[in-house]
Amino acid sequence: MKRVVLYSQPGCPPCSAAKRFLSARGVEFEYKDVQADPAALQELAALKSRSTPTILVGEEVMIGFDPERLDQMLGVETV
């Protein structure tokens, strides 16, 4: 399984949706709060993103939350 990192911040509804989405699929992921963790904010900037959620799956980056694309990134078959 590819490493999954969710860059998020409190009070972000799409971030909460992404977290629920990953948890519902049993995907292990690392949660990084860019407000509380300056290093996570630097990592987010290095990914050329300034917004949350930003989701890293392996080397692939998604800015925002698109459930269908995230399934594809995770290698999940959609019907």
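These numbers were taken from a predicted model, which means no experiment stands behind them. (Residues numbered from 1 in each chain as written. Predicted model: local features only at pLDDT ≥ 70, side-chain atom pairs only at ≥ 80, totals over all residues. Heavy atoms only, no water.)

## Concerning helix α2 (residues 38-46)
Then step 1. Its side-chain oxygen at 3.0 Å from the backbone nitrogen of A39, D37 defines the N-terminal cap of α2.
Then step 2. Trailing α2 by a residue or two, K48 shows a phi angle of about 65°, which is positive. (Polar contact = N/O pair within 3.5 Å; in protein donor to acceptor, adjacent residues only side chain to side chain. Helix = DSSP H or I, 4+ residues; strand = E, 2+ residues; numbered from the N terminus.)

## What to know about the state of the cysteines
Then step 1. Taken as a whole and judged by the stated rule, the model has one disulfide.
Then step 2. Linked covalently through their sulfurs, C12 and C15 form a disulfide whose S-S length is 2.3 Å. Across the disulfide from C12 to C15, rotation about the S-S bond amounts to roughly 70°, and the bridge is consequently right-handed. (Disulfide = S-S within 2.5 Å.)

## Points about the pattern of salt bridges
Then step 1. Enumeration over the complete set of coordinates arrives at five salt bridges.
Then step 2. In this structure, R25 engages D71 in a salt bridge whose closest nitrogen and oxygen atoms are separated by 2.8 Å. One end of the pair, R25, is in the loop between α1 (13-24) and β2 (30-33); the other, D71, is in helix α3 (residues 67-74), with 46 residues separating them in the sequence.
Then step 3. Its relative accessible area of 39% is what places R25 among the partly exposed residues.
Then step 4. The class of D71 is buried, set by a relative accessible area of 5%.
Then step 5. With its nearest N and O atoms 3.9 Å apart, the salt bridge here joins E60 to R69. (Salt bridge = Lys/Arg side-chain N within 4 Å of Asp/Glu carboxyl O. Buried < 20%, exposed > 50% of the residue type's maximum accessible area, 1.4 Å probe, protein only.)

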